[in-house]
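Structural characterization, general
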Amino acid sequence: SARMDVFLCARARFFLGCTSGLAFLASIFGVPIAHANMIPVETLGVRYCDLSIPKKLWSTRLKRYLSFKEIFEKGHSGYFFSHQYIDAGIRVDENDANDILDLVLEMLSRLNGLHVETEDDSALQNAYKGFFLSGHYSSGTTSRICAAYLRRYREFLIE
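Residues numbered from 1 in each chain as written. Predicted model: local features only at pLDDT ≥ 70, side-chain atom pairs only at ≥ 80, totals over all residues. Heavy atoms only, no water.

A few words now on the overall build of the protein. Assigned secondary structure in the protein consists of eight helices and seven strands. Computed over its C-alpha atoms, the radius of gyration of the protein comes to 16 Å, within 12% of the 15 Å expected for a compact globule of 159 residues. Along the first, second and third principal axes, the C-alpha atoms of the protein reach 45 × 40 × 30 Å. Within the protein, the fraction of its 159 residues that count as buried is 45%. In the protein, the proportion of contacts linking residues at least 24 apart, taken out of those at least 6 apart, comes to 58%. When the accessible surface of the protein is split by element, carbon and sulfur atoms take 58% of a total near 8500 Å². (Helix = DSSP H or I, 4+ residues; strand = E, 2+ residues; numbered from the N terminus. Rg over C-alpha atoms; globule rule 2.2 N^0.38 Å. Buried < 20%, exposed > 50% of the residue type's maximum accessible area, 1.4 Å probe, protein only. Contact = heavy atoms within 4.5 Å. Areas by Shrake-Rupley, 256 points an atom, 1.4 Å probe, with all protein chains shown as cover.)

This is the structure in structure tokens:
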């Protein structure tokens, strides 16, 4: 029910969701958000306590996943509509179970005060956020990308 949705969003330790409106309801109550399957790619969580993982973009022409550099430089990072991906020859892939599990584990670790960000993790965060330009939806955000996601897809940052 709508009332139970509000109650659960207000009382949750954190909210696991995507770019749906329900996630924003939880944020109104100060509940941290673990955002999976973020799309457009230039969309991240809004607050310092939020974590995100973007969807991966597969080029049907190149027969491989696009690097973050390619996604941002070619403007694919801001696509909102399915026809934009289709017209560009891009398949949008959901996060897999391991990506989402890592997102949840990192959020729990952060909430329990146990998360330690290494120098490498900081460098990966900075590399990812370095693709954001003024005018991108999440430019300047204080939220983070799941560290394990960036480690797993490190090659997407350097191609």
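The rest of the description comes next.
What follows deals with the pattern of salt bridges. Enumeration over the complete set of coordinates arrives at 11 salt bridges. Between Glu94 and Lys55 there is a salt bridge, with its nearest N and O atoms 3.0 Å apart. Taken together, the residues Glu94 in the loop between strand S6 (90-93) and helix H5 (97-111) and Lys55 in the loop between strand S3 (51-54) and strand S4 (56-59) connect sequence positions 39 residues apart. In this structure Glu94 comes out as partly exposed when scored by relative accessible area, which is 49%. Overall, the relative accessible area of 12% leaves Lys55 in the buried class. Residues Arg110 and Glu106 are paired through a salt bridge, measuring 2.9 Å at the closest nitrogen-oxygen approach. Placement of the pair is Arg110 and Glu106 together in helix H5, with a separation of four residues, close to one helical turn. A relative accessible area of 6% places Glu106 in the buried class. One connected set of salt bridges, linked through shared partners, spans Glu106, Arg110, Glu117 and Arg144. (Salt bridge = Lys/Arg side-chain N within 4 Å of Asp/Glu carboxyl O.)

Put simply, helix H1 (residues 2-11) and helix H2 (residues 21-28) touch, their axes get as near as 7 Å, and they point 55° apart. Compared by their axis directions, H1 and H2 come out oblique. Pair H1 / H2 crosses with right-handed handedness. Packed against H1, whose contacting residues are Asp5, Val6 and Cys9, the element H2 presents Leu22, Leu25 and Ala26 at the interface. (Axes fitted to C-alpha atoms, helices over the stretch in contact; angles between N-to-C directions. Parallel < 35°, antiparallel > 145°, perpendicular 65-115°, else oblique. Left-handed = near helix turned anticlockwise from the far one by under 90°.)

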